[in-house]
Amino acid sequence: MAVIHHTTLKPTKTELLAGWLPGRPWYRGGPAPVLVKSGGFRLDDPEGEVGIEFIVATDTASPGRTAYLAPLTYRGAPLEGAEHALVGTMEHGVLGTRWVYDGCHDPVLVTQSLALIEGRARAMAQSVSDTPDREVTRSYTGAPLSLDGFTPEPADDADGTRLPTPNGTVLEIHRVLAPVAGQPPVPRDALGHIATGWPGPDDSRLRALFMTLRQA
């Protein structure tokens, strides 16, 4: 299981995202977002090499405080062929230089996300080592997904990111989150989903769908 190091990051994750988000086709804010890290969770890399984190980054400069989903991977060396997906680099107080990628282009994050949807992986707490995050919900109805030789080829549009996945399915990553006070509704035609919550204003608790798996 991943060990969470409570140490310095230069730049911080929200600083990296503030420079990267405005260039995304699904971004809804102005040229200078003011981001706060509102929540999220982690997944473990079975090989123990890649950090995997799903961050809810809330733009407080945006009307209505728009919440974005940023699936990120952290690597100790560049990911070959993924230069276009590099969010930036940061200096980690313990691990040194880390290359930070839009995780939708990283096969480790995508593979583990599908494993979570199928129930073969566990969501882990964002800021505590070796602790499951029991607020994350998931579902899947379908045949086992075969991931042999799978290479992610995501496409962004104004609505988010669509990622063709095995067995004729598509993983929809909801980049602009639609939080509700209770359990978020899962589309009736969905084969699977991932959802979780984060603190809202006035001591409320917000929840939203992070990903939906559908038939292509």
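Residues numbered from 1 in each chain as written. Predicted model: local features only at pLDDT ≥ 70, side-chain atom pairs only at ≥ 80, totals over all residues. Heavy atoms only, no water.

**Concerning the overall build of the protein chain**
Looking only at helices and strands, the protein chain features 2 helices and 12 strands. Sequence-ordered secondary structure for the protein chain, helices as α and strands as β, is β-α-β-β-β-β-β-α-β-β-β-β-β-β. Computed over the C-alpha atoms, the radius of gyration of the protein chain is 16 Å, within 12% of the 17 Å expected from 2.2 N^0.38 for a compact globule of 216 residues. With respect to the principal axes defined by its C-alpha atoms, the protein chain has extents near 45 × 40 × 35 Å. Summed over all atoms, the accessible surface of the protein chain reaches about 10200 Å², with 52% contributed by carbon and sulfur. Counting 19 positive and 25 negative side-chain charges, the protein chain places the averaged centre of each group 5 Å from the other. (Helix = DSSP H or I, 4+ residues; strand = E, 2+ residues; numbered from the N terminus. Rg over C-alpha atoms; globule rule 2.2 N^0.38 Å. Areas by Shrake-Rupley, 256 points an atom, 1.4 Å probe, with all protein chains shown as cover. Lys, Arg positive; Asp, Glu negative; His and termini not counted. Charge placed at Lys NZ, Arg CZ, Asp CG, Glu CD.)

**With respect to the pairing of strand β2 (residues 35-43)**
In terms of burial, β2 is a largely internal element, 7 of the 9 residues being buried. As paired elements, β2 and strand β3 (residues 51-59) share 8 bridges and run antiparallel to each other. Along β3, the bridge assignment pairs L43 with I52. (Buried < 20%, exposed > 50% of the residue type's maximum accessible area, 1.4 Å probe, protein only. Pairing = 2+ DSSP bridges.)

**Focus: helix α2 (residues 107-118)**
A rise of 1.5 Å per residue sets the reference length of α2, with its 12 residues, at 16 Å; its end C-alpha atoms lie 16 Å apart and thus fit the reference within 8%. All of the buried residues along α2 are V108, L109, V110, Q112, S113, L114, A115, L116, I117 and E118. If you check the start of α2, you find a side-chain oxygen 3.0 Å away from the backbone N of V108, and it comes from D106. Two residues or fewer after α2 comes G119, characterised by a positive phi angle close to 90°. (Expected span 1.5 Å × (residues − 1). Polar contact = N/O pair within 3.5 Å; in protein donor to acceptor, adjacent residues only side chain to side chain.)

**What about the pattern of salt bridges?**
The tally for this structure, following the rule as stated, stands at 11 salt bridges. In this structure, E135 engages R207 in a salt bridge whose closest nitrogen and oxygen atoms are separated by 3.5 Å. Remark: R207 occurs in strand β12 (residues 205-215) and E135 occurs in the loop between α2 and β7 (137-140); sequence separation between them is 72 residues. A relative accessible area of 25% places E135 in the partly exposed class. Since its relative accessible area comes to 9%, R207 is described here as buried. Between R214 and D189 there is a salt bridge, with the nearest N and O atoms lying 2.4 Å from each other. One end of the pair, R214, is in strand β12; the other, D189, is in the loop between β10 (169-173) and β11 (192-199), with 25 residues separating them in the sequence. The structure contains a network of salt bridges with shared partners spanning K13, K37, R42 and E53. (Salt bridge = Lys/Arg side-chain N within 4 Å of Asp/Glu carboxyl O.)

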